[in-house]
Amino acid sequence: MTELEHESPFDFPCQFPIKAMGKNIPDLDAIIVELVRRHVEDLTEGAVKTRLSKGGNFIAITVEIEAQSKAQLDAIYTDLNACPHITMTL
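These remarks concern the structure in this document. (Residues numbered from 1 in each chain as written. Predicted model: local features only at pLDDT ≥ 70, side-chain atom pairs only at ≥ 80, totals over all residues. Heavy atoms only, no water.)

**Some points on the packing of aromatic side chains**
Part 1: Following the criterion strictly, the structure yields two aromatic pairs and no others.
Part 2: By the ring-pair criterion, three or more aromatic residues cluster together here, those being F10, F12 and F16. (Phe/Tyr/Trp six-rings, centres within 6.5 Å; stacked < 30°, edge-to-face > 60°.)

Pasting the structure below:
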């Protein structure tokens, strides 16, 4: 384990929900899944959940992964935050 992984509150590997939100545009969920798949080889069926905002203008997408390291999570969030269609990640 690297020194950075010792600083993480998580014990890897672990189940981890990646959450991203943006305007409700066609295929935003597919865009997010594509970005996450760059770093995760095997997404399980049912790993992706979507929820529309009350007015239907925004959508929240959660992708449940088995995280292998803090570096993997950092890389995923870097890609998600660079996407112009995503307004927020958690």
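**Let's talk about helix α3 (residues 70–82)**
Part 1: Counted at 1.5 Å a residue, the expected span for α3 with its 13 residues is 18 Å, and the 18 Å between its end C-alpha atoms agrees.
Part 2: Along its buried surface, α3 packs onto β1 (14–23), α2 (28–37), β3 (58–67) and β4 (86–89). (Helix = DSSP H or I, 4+ residues; strand = E, 2+ residues; numbered from the N terminus. Expected span 1.5 Å × (residues − 1). Contact = heavy atoms within 4.5 Å.)

**Examining the pairing of β3**
Part 1: Of the two faces of β3, only the one carrying I59, I61, V63, I65 and A67 is buried; F58, A60, T62, E64 and E66 on the other face are not.
Part 2: Pairing of β1 with β3, which is carried by 10 bridges, proceeds in the antiparallel orientation. By the bridge assignment, A20 is partnered in β3 with I61.
Part 3: Here five bridges tie strand β2 (residues 48–52) to β3, and the two strands are oriented antiparallel to one another. Bridge pairing links V48 to V63 in β3. (Buried < 20%, exposed > 50% of the residue type's maximum accessible area, 1.4 Å probe, protein only. Pairing = 2+ DSSP bridges.)

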